[in-house]
Structure formats: C-alpha cells, structure tokens
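Structural description and commentary
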Amino acid sequence: MSISVSTLTKVYGTQKAVDEISFTAKPGVLGFLGPNGAGKSTTMKILTCFIPQTSGTATVCGFDVVKQPLDVRRHIGYLPESNSLYQDMYVKESLGFVAGIHKLHQPEKRIAEVIEQTGLGPEQHKKIGQLSKGYKQRVGLAQAILHNPDVLILDEPTSGLDPNQLIGIRQLITELGKSKTIVLSTHIMQEVEAVCDNVIIINKGKIVADETLTGLREKNNSSSLENIFISLTNR
C-alpha cells in the first residue's frame, strides 16, 4: 500500500482532532471527506510531515513519517488548502526553483510537460501575484506534481476554479490516479463522484465510512453521496 495509517491520533490540549483512525490507500483516487473541523487537514499534515502525530503510525511508500520524513517528502506531492506561493516570482521561474530543490534531471523538459498538463501555458511568463485564484491553484498543483511523486495529497485542489477549469483539473487528477495514489479532500460531492474510486468519511476525528464509491451507495439504498454524507456526519 502506498499509504498505511494505524490508530493515528492527534491531540491538541483536551481535544482529539484525530482519534485512532486506520486506513490504507493504493494507486487510484481516494476521496477524503468530512465536515469542517473533522480532522481531514490534520491527517494530511501528518502524512506530509508538517506536524507529528500524538500516537499511532503512518507510512508513505513504506517510509515512516516520523522516522524517515525526508524519504516521505521525496515520494509525496502536497497541495495544501492555503496554497502559499512566491507572489513576486514568475510562473516558470517558480517551477524552476522547485525543480532545483528536487534536483531534477532535465528540469526544462519536465517544467514544459507540467505547464502543458496544468494548462499554464498562457500564464507562464506572468508573475504569480498577477494571476487569478484559479491559475494560482494550477501553479500549486504544478509544483506538487513536478517531481513526479508516487503519492499526491490534494486539499481542496479545485478551490477558485471556474467550470471550464474544473473539467480540465478533474481530468488531470483522473489521469494521474491511474499510476499514482491520490488523496483528495473536497466538499464538492460532484467532484468525488467524478474522480474518486474509494471514499473515506471522517467525522469528529473518527472514520465513519471507508468504502468504494459503489459499495457505499449499495450500503445506503443507492442514496446520493450528499445524502449519505449528511446522514453519517450529523450524528
């Protein structure tokens, strides 16, 4: 499994943000859903080595997030919900900077590929600060996939995109999911139905569903994903 999580817990003071969750993820697109404050972003930050867990274990591509954080980071691409970018850099310049960090072989070739993949061609010579929110989101996604990681953690990747951009990015995520493990956090149920193979729903720090999309519907009398989400998270 590309991601393996066992009894993972994160405590802030007296609050358990994540409460002994366990799951695995393999190549494909995993929808990671839950209401605000359910523990989604905390889990993603643990998997990407931004914060340590309180207890339990998590591995990415066989590497422990606490004991082998550099190895984890080499195998992972992360687009956080708050997409922090260098606003004064040009798009192509910022990708060159990230390519240098990852010490990519033939960086110019890879940068050109990723610009094409993410539809950044018309904007590549602009400063990031001049871009719309949707194009800034594309830059964040381009940086996440630039080093061709085995695992992608995407936290609200389509935030701020218009309907045409949405279609393009969803197609890209679907294509990437054929060879990579993708954990996709979103509040857009239509997006989950369009791109995800499996779904995890977390509520109040605990996993309340971990199923294939088809299996989840079958267990809930073919209800819509939105209705299933509401019923599982309003308890």
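From a predicted model like this one, the values you see are computed outputs, not experimental measurements. Residue positions are given per chain, counting from 1 as you read along its sequence in written order. Only residues with pLDDT of 70 or above have their local features reported here, since the model is predicted, and side-chain atom pairs are shown and tallied only from 80 upward, although totals for entire chains, interfaces and linings are computed over all residues. Based on all heavy atoms of the structure, the side-chain values leave hydrogens and waters out of the count.

Before going further, it helps to examine helix α9 (residues 225-233). Those residues of α9 not exposed but buried are L225, I228, F229, L232 and T233. All buried residues of α9 fall inside an arc of 110° around its axis, so they share one side. Next to the buried residues of α9 lie β3 (28-33), α7 (189-195), β9 (198-203), β10 (206-212) and α8 (213-219). A simple rule labels every residue: compare its accessible area, found with a 1.4 Å probe on the protein chains alone, to the largest value its type can have, and call it buried under 20%, exposed over 50%, or partly exposed in between. Put simply, DSSP marks the helices as runs of H or I at least four residues long and the strands as runs of E at least two long, and each gets a number from the N terminus on. Regarding the arc, it is the one traced by the directions from the helix axis to the C-beta atoms. We call two residues in contact when some of their heavy atoms are within 4.5 Å.

This part is about the environment of P122. Along the polypeptide, P122 turns up in the loop between α4 (107-118) and α5 (133-145). Placed 17 residues apart in sequence, P122 and H105 show a C-alpha to C-alpha distance of 25 Å.

The rule for pairing is simple: two strands pair if DSSP sees at least two bridges between them. Read across the open sheet, the four strands follow the order β2-β1-β4-β5; overall the sheet is antiparallel. The sheet is open, and its two borders are formed by β2 (15-25) and β5 (63-64), each paired with just one other strand. With two bridges joining them, strand β4 (residues 55-60) and β5 adopt antiparallel strand pairing. Residue V60 lies in a different strand from β5, and its bridge partner there is F63. The axes used here are C-alpha line fits, helices contributing only the stretch in contact, and every angle between their N-to-C directions lies in the interval 0 to 180 degrees. Across the sheet, helix α1 (residues 40-47) touches β1 (3-12), β2 and β4, and the angle it forms with β1 is around 120°.

We now examine the side chain of K10. Within the secondary structure, K10 is located in strand β1. Put simply, K10 is tucked away with no salt bridge, and the nearest opposite charge, on D64, sits 14 Å away. In contact with K10, other than residues within four places in its own chain, are Q15, K16, A17, V18, T42, I46, I51, P52, Q53 and T54. When charges are counted, Lys and Arg contribute as positive and Asp and Glu as negative, whereas His and the chain ends are disregarded. One speaks of a salt bridge when a side-chain nitrogen belonging to Lys or Arg is within 4 Å of a carboxyl oxygen belonging to Asp or Glu.

Right, let's talk about the UniProt feature "domain: ABC transporter" (unreviewed entry) in the protein for a bit. UniProt positions are given in the numbering used here, feature names are shortened, and annotations may be inferred rather than shown by experiment. What UniProt calls "domain: ABC transporter" (unreviewed entry) maps, in this numbering, to residues 3-229. For residues 3-229, the helix share is 37%, the strand share is 27%, and the end-to-end C-alpha distance is 24 Å.

A separate point is the side chain of T181. Secondary-structure assignment places T181 in strand β8 (residues 181-185). In this structure T181 comes out as buried when scored by relative accessible area, which is 1%.

Attention shifts here to the nonpolar core. Formed by 45 residues in total, the largest nonpolar core has its most connected members in L33, L154 and I201. Nonpolar cores are built from buried Ala, Val, Leu, Ile, Met, Phe, Trp, Tyr and Cys residues. Side-chain atoms within 4.5 Å join them into one set. Of all hydrophobic cores here, the second largest spans 25 residues; its members include A25, I46, V183 and I202.

The subject of this paragraph is the layout of surface pockets. The distinction between a cavity and a pocket rests on a 1 Å grid over the protein atoms alone: a 1.4 Å probe fits inside a cavity but cannot get out, while a pocket stays open yet meets protein on both sides within 12 Å along at least five of seven lines, and a residue with an atom within 4 Å of a point counts as lining. Grid points are joined across faces, edges and corners, and a volume is the space filled by probe spheres set on the points. Size it by volume and the largest pocket reaches roughly 980 Å³. Lining the largest pocket are 30 residues, with F50, Y78, V98, H102 and Q143 sitting closest to its centre. Secondary-structure elements contributing two or more residues to the lining of the largest pocket are α1, α2 (69-74), β6 (76-79), α3 (91-101) and α5. For the lining of the largest pocket, the residue count by class is 13 nonpolar, 11 polar and six charged. Just so you know the grouping, Ala, Val, Leu, Ile, Met, Phe, Trp, Tyr, Cys and Pro go in nonpolar, Asp, Glu, Lys and Arg go in charged, and all remaining residues, Gly too, go in polar.

Turning to a nonpolar patch on the surface, a few remarks are in order. Each patch is built from residues lacking any salt bridge and having more than 30% relative accessible area; the joining distance is 9 Å for like charges and 5 Å for nonpolar side chains (Val, Leu, Ile, Met, Phe, Trp, Tyr). Only the protein chains shown count as cover for residues, and the accessible areas themselves come from Shrake-Rupley with a 1.4 Å probe. Taken together, the side chains of Y86, F97 and I101 define a hydrophobic patch exposed on the protein surface, amounting to about 340 Å² of accessible area. Structurally, Y86 can be placed in the loop between β6 and α3. Among the residues examined, Y86 registers a relative accessible area of 53% and is labelled exposed.

As a further point, take the packing of aromatic side chains. Classification of ring pairs rests on two measures: the distance between centres of Phe, Tyr or Trp rings, Trp counted by its six-membered ring, which must be within 6.5 Å, and the angle between planes, read as stacked under 30 degrees, edge-to-face over 60 and tilted in between. According to the stated counting rule, one finds three aromatic pairs in the structure shown. Between the aromatic rings of F23 and F32, the centroid separation amounts to 5.8 Å while the plane-to-plane angle is 35°, which identifies the pairing as tilted. Each member of the pair, F23 as well as F32, is classed as buried. When the centroid spacing of 5.7 Å and the interplanar angle of 90° are considered together, the rings of Y86 and F97 count as edge-to-face. Highlighted residues: Y86 in the loop between β6 and α3 and F97 in helix α3, separated in sequence by 11 residues. Taking relative accessible area as the criterion, F97 reaches 37% and is therefore assigned partly exposed.

With that settled, consider the pairing of β1. Pairing analysis gives seven bridges linking β1 to β2, with the strands arranged antiparallel. Note on β2: the bridge partner recorded for I3 is A25. Between β1 and β2, which follow one another and run antiparallel, lie two residues, and G13 among them has a positive phi close to 65°. Two elements, β1 and β4, share five bridges in a ladder whose sense is antiparallel. Counted as the bridge partner of T9 is S55 from β4.

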